[in-house]
Amino acid sequence: MIKHAICFLVFLYALHATHAVDYSVTNNAITTSGGVAFRDKIGADYAKRTLESATQFIWSVFKQSNPADRKNVQKVSLFVDDMDGVAYTSNDQIHLSARYVGSYQGDVKTEISGVLYHEMVHVWQWNGNGGAPGGLIEGIADYVRLKANYAPSHWVKPGQGQKWDQGYDVTARFLDYCDSLKSGFVAQLNKLLRSGYSDQYFVQLLGKPVNQLWTDYKAKYGNIA
Ligand SMILES: [Zn+2]
């Protein structure tokens, strides 16, 4: 009897260890055409599996095989809402625009997968205790999307953009350049962002000020606008 009880406890522990993060998907827009498009073209099951795979991928890009290096998040919720825009993330809750899903022209399943990867980065990334530039935060999210092969065709090409912390695709391409100089750069940068932010992190990791790195990057691609 005791033996069985111990076996059951071990089973419960294993169950918990393999399912350390819970995911939920709630379609709040099912009465709208966008909500119906989400149900028919993507589906809650696929969305949930994508949230799970995004988490695994992000931990690997951030080189966080040790759980102590990760943010302590137990549950991530996706809500499909009748709202403008594309998506946003707040308090481990991802809100996806049903209107965007419904009006997207092209492969909506791949597009939304990319959007979910981007938003999931916001759940897991460190933000320098709020001190990191917004453009860097968005750039890291799109860098992970790029590495997952979910970069949309309309993104800027490598070398384009006006400044390193412009954000999104521009900063993602720049971070990809930085990572090419030193493999694992983005993972190390994210690790440093656990405690705060300084432009000096670039000097610390790559030996050059970030503005010099941006100049080098632009020069490599012939200073295209
Ligand atoms: Zn974002």
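Here the structure is a predicted model, which is why all the values come from computation and not from measurement. (Residues numbered from 1 in each chain as written. Predicted model: local features only at pLDDT ≥ 70, side-chain atom pairs only at ≥ 80, totals over all residues.)

### Overview of the domain arrangement of the protein
So, step 1. For the protein, the assigned domains read domain 1 (18-124) and domain 2 (128-225).
So, step 2. The straight-line distance from the C-alpha centre of domain 1 to that of domain 2 is 23 Å.
So, step 3. Residue-level contacts link 13 residues of domain 1 with 13 residues of domain 2.
So, step 4. Going through the elements one at a time, helix 3 (44-61) and helix 5 (108-124) are the ones with two or more residues in the side of domain 1 that touches domain 2.
So, step 5. Here the side of domain 1 that touches domain 2 gets 8 residues from one element, more than from any other, and that element is helix 5.
So, step 6. Broken down by class, the residue content of the side of domain 1 that touches domain 2 amounts to 6 nonpolar, 5 polar and 2 charged. (Domains from an automatic or database assignment. Contact = placed C-beta atoms within 7 Å. Helix = DSSP H or I, 4+ residues; strand = E, 2+ residues; numbered from the N terminus. Nonpolar A, V, L, I, M, F, W, Y, C, P; charged D, E, K, R; others polar.)

### Looking at helix 8 (residues 185-192)
So, step 1. Looking only at helix 8, the buried set comprises Val186, Leu189 and Asn190. Down the axis of helix 8, the buried side of the element spans an arc of 100°, and every buried residue falls inside it.
So, step 2. Where helix 8 is buried, its residues contact helix 3, helix 6 (134-147), helix 7 (168-181) and helix 9 (200-206). (Buried ≥ 20, exposed ≤ 12 C-beta atoms within 10 Å, placed from the backbone. Arc of directions from axis to C-beta.)

### Regarding the packing of helix 3 against helix 5
So, step 1. Where helix 3 meets helix 5, the axes come as close as 9 Å, and the angle between the chain directions of the two elements is 55°. By the angle between their axes, helix 3 is oblique relative to helix 5. Where helix 3 crosses over helix 5, the handedness of that crossing is right-handed. Across from Ala47, Thr50, Leu51, Ala54, Thr55 and Ile58 in helix 3, the residues of helix 5 making contact are Ser113, Leu116, Tyr117, Met120, Val121 and Trp124. (Axes fitted to C-alpha atoms, helices over the stretch in contact; angles between N-to-C directions. Parallel < 35°, antiparallel > 145°, perpendicular 65-115°, else oblique. Left-handed = near helix turned anticlockwise from the far one by under 90°.)

### Looking at unusual backbone geometry
So, step 1. Positioned with a positive phi, Lys63 is a non-glycine residue whose angle comes to about 55°.
So, step 2. Counting through the fold element by element, Lys63 comes out in the loop between helix 3 and strand 2 (75-81).
So, step 3. Although it is not a glycine, Asp92 adopts a positive phi angle of roughly 60°.
So, step 4. One can find Asp92 in the loop between strand 3 (87-90) and strand 4 (93-97).

### Here we look at helix 10 (residues 210-220)
So, step 1. Of all the residues in helix 10, the buried ones are Trp214, Tyr217 and Lys218. Buried residues of helix 10, seen end-on, are gathered within an arc of 95° and therefore sit on one face of the element. In helix 10, the exposed residues that point more than 90 degrees away from the buried face are Ala219 and Lys220.
So, step 2. Contacts made by the buried residues of helix 10 are with helix 7.

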